[in-house]
Amino acid sequence: MDVNLLKNEICTALTNKNYSGELRKISSTDADTAKFLNLLDKILDRHFLRSPKDIPYAKSFFENAVIYHNELALVASWSIYELFQAKIYDYLWIKYNQIESARKALVLYYHYIKNTHSSRETFAALYRVIDLNRRINTNKTIEIDIPQLWKYMYGQCVSSERLTLLELAFDYQFINTDDIADLAEKELSGLKDQEKEVEVIKSFVDLFEKASSKKKENKGAEKERLKRILRIAVDTLIVAARSENATLVYRSHLLEQAIQRLKKISGTEEERKQLHLERSEIQKLFLKQMPMHHHKIDLSEMLTKYYRVLEALNKEESLNFLARILPLFDPVKISNAIASRDGGGLMMFFDVTIMDAAGKTSATIPSLMSDKKDEAMEAHAIHDTLLSMDISGFFIAHILEYIRAHFDVNLEDVRRVIEHSAFIAPGRTKQFEIGINAGFQKDFITAINVLVPQVENAFRCLLQECGIVVYNLKDDGTEELKTFSALLELPETAEFFENDFLFTLKAVFCSKYGLNLRNEIAHGLLSDSFYFSNRAYYVWWLIFKLCYTLNGLEYFRYFPAVTKAFEQLSVEQSEESSDSTTDEDMF
């Protein structure tokens, strides 16, 4: 391909400052030429950069780009608009690590900014100047005056753009912090529309606070000045929060921001209290108006299968069936399922807010794009178990009702389940007896409040049996128990117990992303309605399962009969054998 044959057409297209894809209009029957023009068009496209740390091209762009090094260098040497020259040289620097191309790009970007008015492209060019100057001009061999360039741009910009420039100056120390604080204060004095410019005002105040904190002299006067500036932010946030145009979620967020800033101003306790009350009313109203999405799931076919298995079992075998009917939560399967939902869906990009019954934010699940990706995935996986508990609780409720209708499950049956269970610590048998029996009577208020505190102790005793230390020795010589959450996170815990067991305990009892039942019960946060929900059935069943399956004598005594019933059902429904080969695969 001889790019010189296209020189006139390319130069005509690239002398226009307002380039908008003219290269794509150049006709060519040659596939190689078409690829080159397409690459050049992409190089010259607008750069959407947010900071000097960003590079103009994604990694995948370089990986897929065809090599046209010589042709690009030739085009960059022609008489075309200097911004386009800069972008081509910048590309050659980033892709081929050519220092000379970087030097040319730096100079061209610099002159472009000095010869044009502020725009998004100008900011992108400034970011590239800062990055290139830092990387290749440490010896100052190229005369680049970034503070002067910054002041030139600052004089052309509107308030929101000046905010970006001031934040940039603070981060890269183009001007001293006293000047940044003064300029931020000056900008604030010129912003009048509190409702429309709330985010800009808030950001200017935050910047002023950061800059003023760097000052070493005249601390007393600076504190008073900071209080006055913080007051501007507070008043702006309150005005915007009381606007009829704002959504309830945004109003709540604005009031939260106002309260946080008021904490830094002494003597505002009563004002903060009133704002808390105002925000609570907004949160309650939001919950009342929040749209609810319902999705019907037909579980009747699966439930019918379970009933058919139960028809062949006696009372003792039915209890064995109840304990084995569902597996514990598998974090790997749940995480894979989350990842397969369109690559994670919106969870990839946005945090998820969890609210309690009063509309208060109880937790925020980080996006899957966060720095701590593994922790974010676990948080999403734990939160996903809540829906699984609802569905599982549905089956447990119907199976329990079937057993109650066909058999008289009494205290003797309960004692037989728990008396030899390795899960139950010495001296706790009576409490488990009361809790398990209450569940068979569908009294989940008694069952859950008795059993849940015992689960933590039972797990702690299991760890002690494994030789794991469950106490912390404090500096004053006293010893305190490690928390349930801390015990679950111990590296040695994972050496003795399966991941699904530990994950399930965390999701049900300890994690703020799951049921967090230990905390909810300890602080009296559960309403009456919880104890009549599918989740209540699930919690009781889980504890029953742990007691039963760790009673080897009872578990294996009836294991063959229940397994045989499953196998018989599998034979009768051979067309679905892959879905019903074992007891725990049926759900």
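Rules behind the numbers
Residues numbered from 1 in each chain as written. Predicted model: local features only at pLDDT ≥ 70, side-chain atom pairs only at ≥ 80, totals over all residues. Heavy atoms only, no water. Helix = DSSP H or I, 4+ residues; strand = E, 2+ residues; numbered from the N terminus. Rg over C-alpha atoms; globule rule 2.2 N^0.38 Å. Buried < 20%, exposed > 50% of the residue type's maximum accessible area, 1.4 Å probe, protein only. Contact = heavy atoms within 4.5 Å. Areas by Shrake-Rupley, 256 points an atom, 1.4 Å probe, with all protein chains shown as cover. Lys, Arg positive; Asp, Glu negative; His and termini not counted. Charge placed at Lys NZ, Arg CZ, Asp CG, Glu CD. Pairing = 2+ DSSP bridges. Core = buried A, V, L, I, M, F, W, Y, C linked by side-chain atoms within 4.5 Å. Disulfide = S-S within 2.5 Å. Expected span 1.5 Å × (residues − 1). Phe/Tyr/Trp six-rings, centres within 6.5 Å; stacked < 30°, edge-to-face > 60°. Lys NZ or Arg CZ within 6 Å of the ring centre and 35° of its normal. pLDDT = per-residue confidence, 0-100. Polar contact = N/O pair within 3.5 Å; in protein donor to acceptor, adjacent residues only side chain to side chain. Axes fitted to C-alpha atoms, helices over the stretch in contact; angles between N-to-C directions. Parallel < 35°, antiparallel > 145°, perpendicular 65-115°, else oblique. Left-handed = near helix turned anticlockwise from the far one by under 90°. Nonpolar A, V, L, I, M, F, W, Y, C, P; charged D, E, K, R; others polar. Patch = residues over 30% accessible without salt bridge, like charges linked within 9 Å, V, L, I, M, F, W, Y side chains within 5 Å. Salt bridge = Lys/Arg side-chain N within 4 Å of Asp/Glu carboxyl O. Arc of directions from axis to C-beta.

Enquirer: Mind showing me how you'd approach the overall build of the chain here?
Expert: Helix and strand content of the chain: 28 helices and four strands. For 587 residues, the compact-globule formula gives about 25 Å, and the C-alpha radius of gyration of the chain, at 33 Å, lies well above that figure. Taking the principal axes of its C-alpha atoms as reference, the chain extends roughly 95 × 70 × 50 Å. Classification of the 587 residues of the chain by burial places 48% in the buried group. For the chain, restricting intrachain contacts to residue pairs at least 6 apart in sequence, the fraction spanning at least 24 positions comes to 66%. When the accessible area of the chain is evaluated, it comes to approximately 30800 Å², of which 50% is carbon and sulfur surface. Of the side chains in the chain, 72 bear a positive and 86 a negative charge, and the two mean positions are spaced by 6 Å.

Enquirer: It is not clear to me how the pairing of strand β1 (residues 352–355) should be interpreted in this structure. Could you clarify?
Expert: Two faces, one strand: in a regular strand the side chains alternate between the faces of the sheet. In this sheet, strand β2 (residues 361–365) lies alongside β1 in antiparallel orientation, the contact comprising four bridges. When the sheet's bridge partners are listed, Val-352 is paired in β2 with Ile-365. In textbook terms, the turn of a hairpin is the stretch between consecutive antiparallel strands, and for β1 and β2 this stretch comprises five residues, one of which, Gly-359, has a positive phi near 85°.

Enquirer: What exactly am I supposed to notice about the nonpolar core here?
Expert: If you look at soluble globular proteins, the nonpolar side chains tend to sit buried side by side. Ranked by internal contacts, the top residues of the largest apolar core, which has 96 residues, are Ile-10, Leu-14, Leu-23, Leu-40, Leu-72, Val-75 and Ile-88. Residues Phe-329, Ile-448, Ile-468 and Leu-487 belong to the second largest nonpolar core, which totals 95 residues.

Enquirer: Just checking my understanding: could you explain the state of the cysteines for this structure?
Expert: As enumerated under the stated definition, the model contains zero disulfides in all. Considering cysteine sulfurs only, Cys-461 is the nearest to Cys-547, which forms no disulfide, with 13 Å between them. Look at Cys-547 and you get buried, because its relative accessible area is 0%.

Enquirer: Just to check I follow, could you spell out unusual backbone geometry for this structure?
Expert: In terms of backbone geometry, most residues other than glycine have negative phi values and most peptide bonds are trans. Even without glycine at this site, Lys-140 takes up a positive phi of about 60°. Inspection of the secondary structure assignment puts Lys-140 in the loop between α7 (120–136) and α8 (146–154). When its relative accessible area of 57% is taken as the criterion, Lys-140 is described as exposed. Backbone geometry at Asn-516 places phi at a positive 50°, although glycine is not the residue there. Relative to the elements of secondary structure, Asn-516 occurs in the loop between α24 (499–510) and α25 (517–522).

Enquirer: What's the story with helix α6 (residues 99–114) in this structure? I'm lost.
Expert: Between its first and last C-alpha atoms α6 spans 23 Å; for 16 residues at 1.5 Å apiece the expected length is 22 Å, and the two agree. Looking at α6, one finds that the buried residues are Ser-101, Ala-102, Ala-105, Leu-106, Leu-108, Tyr-109, Tyr-110, Tyr-112 and Ile-113. Contact partners of the buried residues in α6: α5 (82–96), α7 and α8.

Enquirer: It is not clear to me how the environment of Ser-51 should be interpreted in this structure. Could you clarify?
Expert: You can see Ser-51 is positioned in the loop between α2 (31–43) and α3 (59–64). Taking the C-alpha atoms as reference points, Ser-51 and Ile-130, separated by 79 residues in sequence, lie 9.5 Å from one another.

Enquirer: What should I look at first to understand the packing of aromatic side chains in this one?
Expert: Any pair of aromatic rings gets described here by the distance separating the centres and the angle formed by the planes. Under the definition given, this model contains 28 aromatic pairs. On the numbers, 5.5 Å between centres and 75° between planes, the contact of Phe-394 with Phe-395 is edge-to-face. Between the aromatic rings of Phe-530 and Tyr-531, the centroid separation amounts to 5.7 Å while the plane-to-plane angle is 85°, which identifies the pairing as edge-to-face. By relative accessible area, which is 8% here, Tyr-531 ends up buried. Across the ring face of Tyr-154, the terminal group of Arg-162 is positioned such that the distance to the ring centre comes to 4.8 Å. Residue placement shows Arg-324 over the ring face of Phe-559; its charged tip is 3.8 Å from the ring centre.

Enquirer: Can you help me understand the confidence of the model for the chain in this one?
Expert: Detailed reading of the predicted model is not advised wherever pLDDT is low. The pLDDT averaged across the chain works out to 88; a share of 93% of its residues lies at or above 70. Per-residue pLDDT stays below 50 along residues 577–587; that stretch engages in 24 contacts with residues further than four places along the chain or on separate chains.

Enquirer: What exactly am I supposed to notice about the side chain of Arg-128 here?
Expert: Checked against the element boundaries, Arg-128 lands in helix α7. The exposure class assigned to Arg-128 is buried, which follows from its relative accessible area of 1%. At a separation of 3.0 Å, a polar atom in the side chain of Arg-128 contacts the side chain of Asp-131. Once you skip the residues sitting within four places of it in the chain, Arg-128 turns out to touch Leu-49, Asp-54, Pro-56, Asp-90, Trp-93, Ile-94 and Tyr-109.

Enquirer: Honestly, the packing of α5 against α6 in this entry has me stumped. Any pointers?
Expert: The description of two packed helices rests on the angle between their axes and on the distance between the axes. At their nearest, the axes of α5 and α6 sit 8 Å apart, and the two run at 150° to each other. Taken together, the axis directions place α5 and α6 in an arrangement best described as roughly antiparallel. Helix-helix and strand crossings are classified by hand; for α5 and α6 the assignment is left-handed. Seen from α5, the contacting residues are Glu-82, Leu-83, Gln-85, Ala-86, Lys-87, Tyr-89, Asp-90, Leu-92 and Trp-93; seen from α6, they are Ile-99, Ser-101, Ala-102, Lys-104, Ala-105, Leu-108, Tyr-109, His-111 and Tyr-112. When grouped by side-chain class, the residues that make up the contact of α5 with α6 number 11 nonpolar, three polar and four charged.

Enquirer: Where do I start with the packing of α5 against α7 in this structure?
Expert: Where α5 contacts α7, the axes come no closer than 12 Å and their chain directions differ by 40°. Taken together, α5 and α7 sit at an angle that is classed as oblique. As for the relative orientation of α5 and α7, their crossing is left-handed in sense. For the pair α5 and α7, the contacting residues are Leu-83, Lys-87, Asp-90, Trp-93 and Ile-94 in the first and Glu-121, Arg-128, Leu-132, Arg-135 and Ile-136 in the second. Per-class residue counts for the contact of α5 with α7 are five nonpolar, no polar and five charged.

Enquirer: Can you walk me through a nonpolar patch on the surface in this structure?
Expert: A surface patch of nonpolar side chains, about 380 Å² in accessible area, is lined by Phe-349, Phe-350 and Met-369. Position of Phe-350 among the secondary structure elements: in the loop between α17 (331–340) and β1.

Enquirer: Would you mind going over the pattern of salt bridges with me for this structure?
Expert: Any two side chains of opposite charge can pair, on the condition that their charged atoms come close. This model, assessed by the stated rule, comprises 38 salt bridges. Here Glu-224 makes a salt bridge to Lys-227, at a shortest N to O gap of 3.8 Å. On the criterion of helical spacing, the pair formed by Glu-224 and Lys-227 is a turn pair, its members being three residues apart in helix α12 (residues 219–241). Given a relative accessible area of 49%, Glu-224 falls into the partly exposed group.

Enquirer: How do you make sense of helix α15 (residues 300–310) when you look at a structure like this?
Expert: Each α-helix winds once per 3.6 residues, and so residues spaced three or four apart point in a common direction. Along α15, the residues classified as buried are Leu-303, Lys-305, Tyr-306, Val-309 and Leu-310. Summarising the axial view, the buried residues of α15 lie within an arc of 155°, below the 170-degree limit, and thus occupy one face.

Enquirer: How do you make sense of the environment of Ile-26 when you look at a structure like this?
Expert: Looking at the secondary structure, you find Ile-26 in the loop between α1 (7–14) and α2. Separated by 20 residues in sequence, Ile-26 and Leu-6 have C-alpha atoms that sit 8.8 Å apart. Setting aside anything within four residues of it in sequence, one finds Ile-26 in contact with Leu-6, Glu-9, Ile-10 and Leu-37.

Enquirer: Where do I start with the environment of Asn-133 in this structure?
Expert: Within the fold, Asn-133 resides in helix α7. What Asn-133 contacts, discounting residues up to four positions off in sequence, is Leu-106, Thr-138, Lys-140, Ile-144 and Ile-146. Separated by 2.8 Å, the side chains of Asn-133 and Asn-137 make a polar contact.

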